[in-house]
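# Fold and geometry: a report
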Amino acid sequence: MIHTTVGTVGHLSVLVSFVSALAATFGYLQASIVKNIADNETWRRFARASFYVHATAVFAVVGSLFYMIANHYFEYHYVWKNSDLSLPTQYIFAAFWHDQEGSFLLWIFWHVVLGLILIRINKGGLEAPMMFVFALVQAFLTSMILGVIVPWIDLKIGSTPFLLLREASADAPIFQQNPDFIPADGNGMNPLLQNYWMVIHPPTLFLGFAATLVPFAYCMAGLWQKQVVEWVRPALPWALFCALVLGVGILMGGYWAYETLNFGGYWNWDPVENGSLVPWLILVAATHCMIVAKKSSSGLKASIILTIATFLSILYATFLTRSGILGDGSVHSFTDLGLSGQLLIYLFTFIAVAVVLAVRSWKYIKPDGQELTTYSREFWLFMGATVLCLSAFQIIVPTSIPVFNKVAELFGQKLNLAPPVDAIAFYNKFQLWFAVSVAILTGVGQYFWWKKVQKDKMQELLNPLWVTLLVTAGIITFAQVNNWKYIVLLTASIFAIVANGTILLNIVRGNYRLSGGAITHLGVGMMLIGILFSSGYSKIVSMNMTGMPILPGVQAFASNEGKESKENLQLWINQPQRMGDYLLTYRGKRMEARDMPGKFFPKSWIEIIEKDFHAVAVRDITLGGKTYHKKGDTLEVYPENTYYEVEYRDPDGKIFSLYPRIQQNERMGNAHSPDIKRTPSRDLYTYVAYTEDNENVWSKTQTDRVALKDTFFVNDYVAVLESVSRTNAIEGVALAQNDIAVKAQIKIFDKEKDYLIEPSFAINAERMVMRKPEISEDLGLKIQFKEIDPKTGTFVFDSNTTYRDFIVMKAMEKPLINVLWIGTLVLALGLAIASARRFREFFKMRDKETAAR
């Protein structure tokens, strides 16, 4: 049965949310321009009520979509496309924002939450114009999920998540035959995104995106009402909050990439990654300018420009990601849903509004009484903001190359510009020097800010400088840093830590609430050191020392002068091999049951049901003395994921295992994910670069008739039939009381060691023969006990061979990467302290002004 009710409720709620957003926009517009106090209050109440209706409708839309996904209503295109029956419960949330419509809805949801908070905390005159901007943005965003067609001009507005599958695929033959057809299962969510980070990273990132609207709305409201300075105070704490949330969201994405992808890092300079980083850099620059906006007209002007640029860069990044203009240039970008026109209207509308209000209000900004000098703290804040903006500019220009090409095409020209071939090397070449500048400025700027140095007291900077040089010299000697560029970055980063650490010690003796800036800058210095060593001195430890090329017939290892062949190791199952200080042994393929997270068992212990996420245990699944599943139990697994156990033995004899994963991913090709051994000083990062799936691919059967102690050849191995003896049990075969069973013992001689294979043979009371072949994964060999000839005293065995199981793996060490992660926590702590302080100041001044009325 097609469940149309919930879809109807959801779609009607979208329409209500759009109309109520327009109503709130009109109400707040009237409240902003009407001078009569009574009429103004009436319009304000109407606008608030409209926004509350809008919020209720948005919550209904969110609830309807969640309900549909959770209940597997595959008759809806969005549910069918982004989920299936195998989707674990925790990833239902991720399926919600897995596609364009859901992510737009998540953005809308956060705007509603922020809007309700702003209505409650704003008691001043900026509520109406600020919420007018807020409601107008909501009207544009809700139009993105309207999914309506204007019939007389055949114009589609938005794309709805409540479209039935039969409506989305009306020409499909199945719906021609049966309009009420409902698929038994969905297309499924991208397995690569079935990760706990994908449950928390997108909501955090979109909260950061949504929060950029708050300082922008305050700025537009202030310019509109000619309160060109007053808007800064309420906007600053929100700008800091946004910098915190958006920064954490970006870093979550980097950590997800580090854990899940196999490019060996956490930042790939992907266009969509850049699209989130650029607004953050501009926003951080804006917050620095806001701090001095009251005392400096230059700071105020810069605050206006950068606050506008932050929000517009979010809209531009949205266009890049969702218009399809990037094509295959990013693994993160969405396919085009035909919303490019709406996105451009959205972008250009707010460009026009912002430019008009800024130009109109420029004359109301009073000029400074005196020019900035290099000894003023405002000068150093502007220098920092300038460097951040230049960094953002250098990132966004190459990222926008597909846009430049498209614009040229519209004018009949052909630019043929291409993005950088090696994006990491290209961007790092420039961003290294921006990082050096930022690190130095964070230290110098703090000394000027706290007036530790003045025109006649410059010697105060010498103490942190001497300490920096001393510490840097020690690190250079101990860590053997010999690249002059890295030495410069290291020196600047140490200086940032020493200078800000010194300032921090002085601050916490007084009022710790003033320590946000120093702590944030301290985190920046730590992050730069972590990035320097984990990226610049990442060391490949899986060097192929055999002198033999790896898989010469495989292009990936033969190209680029055999670089990958030199940097990978080929491990045969259960054959130890030396890798630097470690002795490695590949132990075989492993699986993970859904109710046993983080615990891996041999793949041979289960039999996966084809095209399903269930498997049957062919033996007891016992790990660490605990039995999780009995033989014959049905358990839920991740059939697309195969883990490869690599056992490491260190020089001290300690043993640990890593389980890198290969995921069969139809959408993105096989995805290779690393496993990481973390220590305080470094990470050991391991992934499987190549393997061959030879399961169930056996050679032609070889039959041998032998007597006891006979020697015979199985493939290239020498074998001896040692014995044939009675047995009372055969694993996997149920024996009755009168059944007769025997087990052969065949010794196989290999180069490294001898193996014993024990195939079984049984006859029941009805003289029915039962055979249990024995498989040796180490040898790639299967032997079956075929028959017994009592007349001649001989035994017949069938044998088949396959490729011996192996993997090709790469391992690298990432020194001091934990300094990067700790630095991000310190950065977040500093921003949180700074934001909390500014919110307290805002509430205190707001209440004081309210009491004075």
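What counts, and at which threshold
Sequence positions are assigned chain by chain, starting from 1 and proceeding in written order. With the structure being a predicted model, the display of local features is reserved for residues of pLDDT at least 70 and the display and counting of side-chain atom pairs for 80 or more, all residues being used for whole-chain, interface and lining totals. No hydrogens and no water enter the side-chain calculation; it runs on all heavy atoms of the structure. Strands here mean DSSP runs of E at least two residues long; helices mean DSSP runs of H or I at least four residues long; both are numbered from the N terminus. The contact criterion used throughout is that any non-hydrogen atoms of two residues lie within 4.5 Å. For this analysis, a polar contact is any N or O atom pair within 3.5 Å, provided that within protein one partner can donate a hydrogen and the other can accept it, and provided that sequence-adjacent residues contribute only side-chain to side-chain pairs. One fewer than the residue count of a helix, multiplied by 1.5 Å, yields its expected span. Pairing of aromatic rings covers Phe, Tyr and the six-membered ring of Trp, with a centre-to-centre limit of 6.5 Å; geometry is then stacked below 30 degrees between planes, edge-to-face above 60, and tilted otherwise. Here the term buried applies to any residue with accessible area under 20% of the maximum for its type, exposed to any over 50%, and partly exposed to those in between, with areas from a 1.4 Å probe on protein chains only. Consider the ring centre and the ring normal. A charge sits over the ring if Lys NZ or Arg CZ is within 6 Å of that centre and within 35 degrees of that normal. Orientation is described by axes fitted as lines to C-alpha atoms, over the contacting stretch for helices, and by angles from 0 to 180 degrees between their N-to-C directions. Orientation is classified from the angle alone, with under 35 degrees giving roughly parallel, over 145 giving roughly antiparallel, 65 to 115 giving roughly perpendicular, and any other angle giving oblique. The sense of a crossing depends on the near helix, which, turned anticlockwise from the far helix by less than a right angle, makes the crossing left-handed and, turned clockwise, makes it right-handed. Polarity classes work like this: nonpolar for Ala, Val, Leu, Ile, Met, Phe, Trp, Tyr, Cys and Pro, charged for Asp, Glu, Lys and Arg, and polar for all others, with Gly in that last group.

Counting through the fold element by element, Arg377 comes out in helix H15 (residues 377-399). Once residues within four sequence positions are removed from consideration, Arg377 is found in contact with Lys295, Phe448, Trp449 and Lys451. Within polar-contact distance, the side chain of Arg377 engages the backbone oxygen of Trp449 at 2.9 Å.

Right, let's talk about helix H13 (residues 297-322) for a bit. Its 26 residues give H13 an end-to-end C-alpha distance of 38 Å, which sits within 8% of 38 Å, the value for a rise of 1.5 Å per residue. A side-chain oxygen of the first residue of H13 lies 3.3 Å from the backbone nitrogen of Ser298; this N-cap is Ser296. Backbone geometry just after H13 places Gly324 at a positive phi near 85 degrees.

With that settled, the discussion passes to the packing of aromatic side chains. Inspection of the entire model under this criterion finds 54 aromatic pairs. For the pair Tyr346 and Phe350, a centre-to-centre distance of 5.6 Å together with 70 degrees between the ring planes defines the contact as edge-to-face. Of this pair, Tyr346 and Phe350 are both found in helix H14 (residues 340-361), four residues apart, which corresponds to roughly one turn of the helix. Phe350 matches Tyr346 in its accessibility class, with the two residues each being buried. Among the aromatic residues, ring-to-ring pairing joins Tyr196, Trp197, Tyr255, Tyr258, Tyr266, Tyr685, Tyr687 and Trp821 into one connected group. Over the face of the ring belonging to Trp449 we find Arg377, whose NZ or CZ atom lies 4.3 Å from the ring centre.

Here the focus is the packing of helix H6 (residues 127-143) against helix H10 (residues 213-224). Where H6 meets H10, the closest approach of the two axes is 7 Å, and the angle between their N-to-C directions is 130 degrees. In terms of their interaxial angle, H6 and H10 are classed as oblique. The interaxial crossing formed by H6 with H10 has right-handed handedness. Mapping the contact onto sequence places Pro129, Met130, Phe132, Val133, Phe134 and Val137 in H6 and Leu213, Val214, Phe216, Ala217, Tyr218, Met220, Ala221 and Trp224 in H10. Per-class residue counts for the contact of H6 with H10 are 14 nonpolar, no polar and no charged.

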